[in-house]
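# Fold and contact review
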Amino acid sequence: MLTTFQSVTKNHLQDRLFKVLRDVMSSPSGAIGVSLVFFHLVLAVISPFIVPFDYREISSLLMLQGPSFEHWFGNDHLGRDIFSRTLLGGREAILITGIATPIAVIWGSFIGIFFGLVGGRIDEFAMRIVDAFLSLPWILKMLVLIVTFGTGMGVLIPTLAFFYGIPVIRIARAATHDVVARDFISAAKARGHGRIAIIRHELLPNVLDTLMVEGAMRWSWMLLAFSSLSFLGFGASPPTPDWGLMIADARGFMSFAPWGVLAPVVFLSSLIIGINLTADALAKALGIDRIQKAPV
Amino acid sequence: MGNKSLIEIRDLSIGFSNLAKQLLPILRNIDLTIEAGETVGLVGESGSGKSTLALAMMGYLGNPLKVLTGSTSFRNQSTFDLSARELEQIRGGELALIPQNAGQALTPTQRIGRQISESLKLHSKVSEVDRPARVLELLTQVRLPDPTTLVDRYPHELSGGQQQRVAVAMALAGEPDALLLDEPTTGLDVTTQAHVLELLRDLAKETGTAMVYVSHDLGAIARVCDRVVVMYAGEIVLDGSVRQVLLKPVHPYARSLLASIPKLREASLPAALDGRPPAAGDVGKGCAFVERCKMAEDRCALERPLLQFTKAGERVRCHLFEKVEKLAASGPGSAVDRSLISHATEVLALDNIAISYTTRGLWDQILGRQPNDTPTVDDISIVIHKGETIGLVGESGSGKSTILKAIAGLIPTRNGRIIYNGNELLKASVDQRSNDQLRRIQLIFQNPDDSLNPRQTVAEILAQPLRLYFGLSNQELHDRSVEILERVRLGGHYLDRLPSQLSGGEKQRVAVARAFIAEPELVLCDEVTSALDVSVQAAVLELLNRLQREFGTTYIFVSHDLAVVRALADRVALLYQGRLCEIGPAADVYSLPSHPYTEVLLGAVLEPDPDSVPVLSADDIVELSPMPVGCAFQRRCPRRVGDICETKTPPWQQVDDEHLIRCHIPHIELRELQMGRAN
Amino acid sequence: MLSMLLRRLLLGLVTVVLVSIIIFTGVEILPGDACTAFLEREAQGKLLENCRRDLDLNRPALERYVDWASGAVVGDLGVSVNGQESIAELVGNRMNNSLLLAFCALLVGVPLAIFLGVITALWRDKPIDLFFSTVAIFAMTIPEFVSSTVLILVFSVWLGWLPGIVLTSANASAVEFFPEIILPVIVVAMVMTAHILRMVRTSVIDVLASDYVRMATLKGVPYWQVVFRHVLPNALLPAINVVALTIAWLLGGVVVIEVVFNYPGLGRMMIDSISDRDLPVVQAIALILATVYVSVNLTADLLTMIANPRLRTLHMRK
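No experiment lies behind these values; they were computed from the predicted model shown. (Residues numbered from 1 in each chain as written. Chains lettered and ligands numbered in written order. Predicted model: local features only at pLDDT ≥ 70, side-chain atom pairs only at ≥ 80, totals over all residues. Heavy atoms only, no water.)

Counting secondary structure elements, chain B contains 26 helices and 26 strands. The C-alpha atoms of chain B give a radius of gyration of 27 Å, which matches the 26 Å a tight globule of 679 residues would have. By its C-alpha atoms, chain B is 75 × 65 × 55 Å across when sized along the principal axes. The 679 residues of chain B split such that 58% are buried. Accessible area of chain B: about 27,100 Å², with a carbon and sulfur share of 49%. In chain B, the 72 positive side-chain charges and the 85 negative ones have mean positions that sit 2 Å from each other. (Helix = DSSP H or I, 4+ residues; strand = E, 2+ residues; numbered from the N terminus. Rg over C-alpha atoms; globule rule 2.2 N^0.38 Å. Buried < 20%, exposed > 50% of the residue type's maximum accessible area, 1.4 Å probe, protein only. Areas by Shrake-Rupley, 256 points an atom, 1.4 Å probe, with all protein chains shown as cover. Lys, Arg positive; Asp, Glu negative; His and termini not counted. Charge placed at Lys NZ, Arg CZ, Asp CG, Glu CD.)

This is how it looks when you write it as structure tokens:
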């Protein structure tokens, strides 16, 4: 009985984390999802050290060559090695969305929890503004900013983080509303705890699950957005190897060199599906209804 | 003889397999025969398997459940061997169900009339043209007012009592030979429950339908059934006539269960039953009740008792039933010690409190209108003394919890003052109260599942008030928490558990500990036992009483259950629609004269006694909003004297020193009227 | 009920007004204006002055907002920078084309989604459910440009069954878009079906576990009658809102699909005008899409209100 309060708390968090992870891995789809995401993350880190060729190396001799023993996935219209480019092709996307996702979830949750607690007319008006932002297609909002400010990381990260934080506001607010209605919040209020203490001790632990799943979802939508932007020529800029960009480039030669399209298609899809399977399994393990919504 | 039986269950075991592929039985070796026209009550606490058994009679198993051994048959047809078509014929036809929560069991998108005529179409020979008339007939038979408009209503438009009656009408549509009732009155108000039960009792008599009545409420069963089957941990432990089981139970569990029910006529705490029933699959090779049994002997733990017959023809599953038979009928509970009340010291005074829930709508704001409504709670003045327990009683919607929340500072009052210790004026909102004021008043909620944060361990839950009020840190926190846990009979090893790892009773103990760790002077109890099983309720009542004696705490105890309040309260206040009707010492309030509302409530209480007959003196209509003028109870009052009830707020009459009644009828006259009724 | 209806309408209106303010201020605070954007580097002196005068850019922002917004109410969306054409006319054709695409996709997608959603729920965790649920995850998550590209590769390049690109001009009639429109419709319908399917499936599963469905079963109602009379009416109500969200997404989010297939819809026009920095056109398209989004959601709310007796009859009986 010498356990201190802190250690008791930590053990429980750890136990829970292990349990959730075990539950996620115990379903086949969850295991596949986690493995896919893990594979891509590892690849993003080590790919520069293992690629056989320089991704910029142009060769007129190898233009649109099919897969060979030396060039496993063939070569693109500039003769560059598709295998090397595909391995490297997720790095920028993962880096940008990997930074933007936590920012989006954090600021969106912060605002959402705030309005969820405040309630009343201020909350209702704030939700109208959120609605107004959501009623504009994401691509329009993003493109206007990108066209004005350029396509660098310094533009893409804040832009993605801002617009993808807005739907998080709604989720965080709804989750807050659910928790606030419960008696343990009333109990804390009646005891006389301050707002901050109630948020920290009573509210946050109970909305964290929802926010975690939401974070995974946001990441997947963001990757989709980033690669779509790249595809349209507004994301990664050449000669950076990027799946979206590679697909756009190879499309023109699709009829006689389909390998240029196939490799990045498989890699990009597997990452996004992996994230979604993980999010699904996570939601199931945490016991949350994942509300399916249109990709706003 | 077996051939004529309506329902026959032989050696039925039902269970499910857990993740580790172990078979966990929910029901174990059930043998039960129900004859045509019999009314049988199935009693047990939550988890005893009583509902599973009732549904199994219809050939229905919930999702993971499967039959492990045995069979059940209806009119000699083995239910689990029937084809889907044959089952459809029986269900709702010869064997009809009246579900627990009719509000959720009626399809929300279908009109009442259509749902009943669906049953008629499936299970009766009534032709399509005659069906509407038959629907009206059924609705009249279950005593629903205005059936012609009712058929066009949707379920959500009816009150709980009306929904339950519709469910009864639906079950009657197929002219069943047997009705299965799955807790049909749980969740209804006392008066509504009494009305529905009288209806069911009359129906059983008129139609000769057999009934299987599943309930945790022995009072309800005593009223409706001739025979009672007591279940414990998935087994039948006792089966006999209502009279035998309720008056002279020969099984130790049934004895303890009966003893744990608070009685309306006894001002004493019911005896608690310690421990909890074993979980599914957790029963040893001996008797399932052995760990909680006060009479247990060595062989009880080693050898599973069989269901054997007593001389009186009961069936009992106990090695020692002959010993139990010789025991006297359960003695009275422990008397409550009241020496601590000091009438000189006033702890809290509510002075003319009014509370209104309605806020100004958008249009009101635009047009600058003030809400001109009648307040939800009005004109509440009560003085509470140190060390006493005051019971606040009323049906749902009476505003009793609202008043508690106002005292706790969670809801603003519209009028009136809350005065603490005779001189401190309590501000309406928690934000404006001092830390010490907050500490001295603590609130315990109805449902511990909701009032304990599911993500906090018991240690963290208890640390919250300690840090806030006393600024304690590690070692002291730990010591104080262990100490309070021991006081609520849990012990220090509970510190690192999460609420989900505790039973309902244990959770409520943690909630009690959280309130008492703040060393409060006044504890507000909001229906603290109504989410618990009877035996657990008795233990929590016992705990509250002991803590009160140890700490000299004052309680405001809110409940809808008059018997529970009787067990604990020194004084009782009755609320109807947010207005006080009667207040006084418990003994006085529970005897004559009473406010007509008190009379109605007391009359509707069902006691676990076959000889107690409820008195139904008022309609069970549900009022949604209080009357702006006149007496609050005017619309339902059985003793209305005339227009004065509608136009003038009745005066407070002093019956005794402290016993006050708010009625236009002089209390002497009221007593005479009520005496006449009693005789 | 009437007050609730008015309230929803009012809220919708507020949202549209807010959107128009966001669009207008968004364009205002971005560096440069329609003229510098259009004229790019040569934007100096006389040329810039003329352009600004033509577009009335010298007046205070509030005045211009009121002008723009009041014009939009009566259908006057201003003129584009480059061609000085009326935006309303320019957008009109594109809008029709986008509506055609959306309509075809809905016609295919919604019934299919509801059918499959119900099937997968009724046979939950059976092979048929696992199959369609997996397909739905793929359809939902794979980027539209990826699925478009793969479909073009298979059906157009390899099999040669369908045209992979739309060559019909923007102002052609609906019939002329066949068969070129088939592949874009398939891609749009695929994403949409996947979303609605998942939602319907969850909803049906929830309703199947409800007390009233158990009650209907125990009342002896045959299985398929339970499904059709007790489950579906209750399970499909929440689907209305998801269909609405999906339609709203269709009109804005299909940009990438329109680009891939060279389909002359509103989305592609949006990309073009953003690239050309034709800000008046961008503003107009944004306003149209936002209005569509709001009114589709509003319609869904109203439909739900009409179909759901709980919302239709708000008041409890006395």
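Turning our eyes to something else, we now look at helix H7 (residues 160-172) of chain B. Residues and elements named next belong to chain B. The first and last C-alpha atoms of H7 sit 19 Å apart over 13 residues, in line with the 18 Å expected at 1.5 Å per residue. With 12 of its 13 residues buried, H7 lies for the most part within the structure. Gly161, Gln162, Gln163, Gln164, Arg165, Val166, Ala167, Val168, Ala169, Met170, Ala171 and Leu172 are the residues of H7 that are buried. (Expected span 1.5 Å × (residues − 1).)

Moving on, we get to empty space enclosed by the protein. Over the atoms, a rolled probe matching the size of one water molecule traces out where space is still vacant. Summed over the entire model, instances satisfying the criterion amount to 18 cavities of 30 Å³ or more. Size it by volume and the largest cavity reaches roughly 130 Å³. If you go around the largest cavity, you meet 16 residues; those closest to its centre are Ala190(A), Arg191(A), Ile441(B), Gln442(B) and Leu443(B). Among the secondary structure elements, those contributing two or more residues to the lining of the largest cavity are helix H8 (183-191) of chain A together with helix H15 (400-408), helix H16 (435-440), strand E20 (441-444) and helix H20 (504-516) of chain B. Of the residues that constitute the lining of the largest cavity, the class distribution is 11 nonpolar, 2 polar and 3 charged. (1 Å grid on protein atoms, 1.4 Å probe; cavity = no way out; pocket = protein on both sides within 12 Å on 5 of 7 lines; lining within 4 Å. Points joined across faces, edges and corners; volume = space filled by probe spheres on them. Nonpolar A, V, L, I, M, F, W, Y, C, P; charged D, E, K, R; others polar.)

Every contact between the two is made by 46 residues of chain C and, on the other side, 48 residues of chain A. The tally of links from chain C across to chain A stands at 2 salt bridges. The salt bridge involving Arg198(C) is made with Asp280(A); its shortest N-O contact spans 3.1 Å. At the junction of chain C and chain A, the tally comes to 4 residue pairs in polar contact (both at pLDDT 80 or more). (Contact = heavy atoms within 4.5 Å. Salt bridge = Lys/Arg side-chain N within 4 Å of Asp/Glu carboxyl O. Polar contact = N/O pair within 3.5 Å; in protein donor to acceptor, adjacent residues only side chain to side chain.)

This paragraph deals with the sheet that holds strand E13 (residues 315-317) of chain B. Residues and elements named next belong to chain B. If you walk across this open sheet you meet the 8 strands as E6-E7-E8-E3-E9-E10-E13-E12, and the pairing is mixed. Since the sheet does not close on itself, it has two edges, and those belong to strand E6 (95-98) and strand E12 (307-309), each with one partner. On average, each strand axis in the sheet is tilted by 20° relative to the strand beside it, whichever way the strands run. In terms of strand pairing, strand E3 (residues 39-43) meets strand E8 (residues 210-215) through 5 bridges, oriented parallel. Looking across to E8, one finds that Leu42 is bridged to Val214. Strands E6 and strand E7 (178-182) of the sheet are contacted by H7, whose axis makes an angle of about 175° with E6. (Pairing = 2+ DSSP bridges. Axes fitted to C-alpha atoms, helices over the stretch in contact; angles between N-to-C directions.)

Moving on, we get to the domain arrangement of chain B. Think of interface size as the accessible area that goes away when the parts come together; that is how it is often given. All names here are of chain B. Domains assigned within chain B are domain 1 (5-248), domain 2 (342-573) and domain 3 (590-678). Placing a centre on the C-alpha atoms of domain 2 and another on those of domain 3 gives a separation of 29 Å. The contact between domain 2 and domain 3 buries some 980 Å² in all, and 58% of this surface belongs to carbon and sulfur atoms. A per-residue breakdown of the area domain 2 buries against domain 3 is headed by Thr374, Glu395 and Leu562, which together make up 53% of the total. Taken together, the connections running from domain 2 to domain 3 amount to 2 salt bridges. Salt-bridge contacts for Asp379 lead to Arg662; the nearest nitrogen and oxygen are separated by 2.9 Å. It is helix H22 (residues 562-568) that contributes the most residues to the side of domain 2 that touches domain 3, 3 residues altogether. (Domains from an automatic or database assignment. Buried area = accessible area lost by both parts, 1.4 Å probe.)

Residue and element names in this part refer to chain B. Spatially, 4 strands are ordered E2-E1-E4-E5 in an open sheet, and the strand pairing comes out antiparallel. The two strands at the open ends of the sheet, each matched to only one other strand, are strand E2 (23-34) and strand E5 (77-78). Sheet topology places strand E4 (residues 66-74) next to E5; 2 bridges connect them, and they run antiparallel. By the bridge assignment, Phe74 is partnered in E5 with Gln77.

Residue-level contacts link 25 residues of chain A with 38 residues of chain B. Taken together, both faces of the contact between chain A and chain B bury some 2,700 Å²; the carbon and sulfur share is 55%. The residue Arg182(A) makes a salt bridge to Asp450(B) at a minimum N-O spacing of 2.9 Å. Between the two partners, chain A and chain B, sit 11 residue pairs in polar contact (both at pLDDT 80 or more).

Take the packing of helix H6 (residues 127-141) of chain C against helix H8 (residues 182-208) of chain C next. All names here are of chain C. Across the interface, H6 lies against H8 with an axial gap of 8 Å and an inter-helix angle of 130°. Comparing the axis directions of H6 and H8 gives the class oblique. When you trace H6 past H8, the crossing you get is left-handed. Touching Asp129, Ser133, Ala136, Ile137, Ala139 and Met140 of H6 are Met190, Val191, Ala194, His195, Leu197, Arg198 and Arg201, all from H8. (Parallel < 35°, antiparallel > 145°, perpendicular 65-115°, else oblique. Left-handed = near helix turned anticlockwise from the far one by under 90°.)

Right, let's get into helix H5 (residues 120-134) of chain A. End to end, H5(A) covers 21 Å across 15 residues, agreeing with the expected 21 Å (1.5 Å per residue, within 8%). Within the span of H5(A), buried status applies to Asp123(A), Ala126(A), Met127(A), Arg128(A), Val130(A), Asp131(A), Ala132(A), Phe133(A) and Leu134(A). Those residues of H5(A) hidden inside the fold are in contact with helix H4 (91-118), helix H6 (138-149) and helix H7 (153-180) of chain A together with helix H1 (2-29) and helix H13 (279-307) of chain C.

Let us now look at the side chain of Thr193(C). When you line up the elements, Thr193(C) lands in helix H8. With residues up to four places along the chain from it excluded, the contact list for Thr193(C) reads Gly109(C), Leu112(C) and Ala113(C).

Residue and element names in this part refer to chain B. Mapped onto the elements, Ser617 comes out in the loop between helix H24 (596-604) and helix H25 (644-647). Using a relative accessible area of 19% as the deciding quantity, one classes Ser617 as buried. When the C-alpha positions of Ser617 and Tyr597 are compared, they lie 9.6 Å apart, and in sequence the two are 20 residues distant.

What follows deals with a nonpolar patch on the surface. A cluster of nonpolar side chains, contributed by Phe38(A), Val42(A), Val45(A), Ile46(A), Phe49(A) and Ile50(A), occupies part of the molecular surface with about 610 Å² of accessible area. Structurally, Phe38(A) is set in helix H2 (residues 28-50). (Patch = residues over 30% accessible without salt bridge, like charges linked within 9 Å, V, L, I, M, F, W, Y side chains within 5 Å.)

Before going further, it helps to examine the pattern of salt bridges. The final tally for this structure, using the stated rule, is 48 salt bridges over all chains. Between Asp123(A) and Arg173(A) there is a salt bridge, and its shortest N-O distance comes to 2.6 Å. Remark: Arg173(A) occurs in helix H7 and Asp123(A) occurs in helix H5; sequence separation between them is 50 residues. The salt bridge involving Arg455(B) is made with Asp209(A); its shortest N-O contact spans 2.7 Å. Taken together, the positions of Arg455(B) in the loop between helix H17 (448-451) and helix H18 (458-470) and Asp209(A) in helix H9 (residues 195-232) put the pair across two chains. A relative accessible area of 7% places Asp209(A) in the buried class. Each of Glu38(B), Arg227(B), Asp239(B) and Arg315(B) takes part in a single network of salt bridges with overlapping partners.

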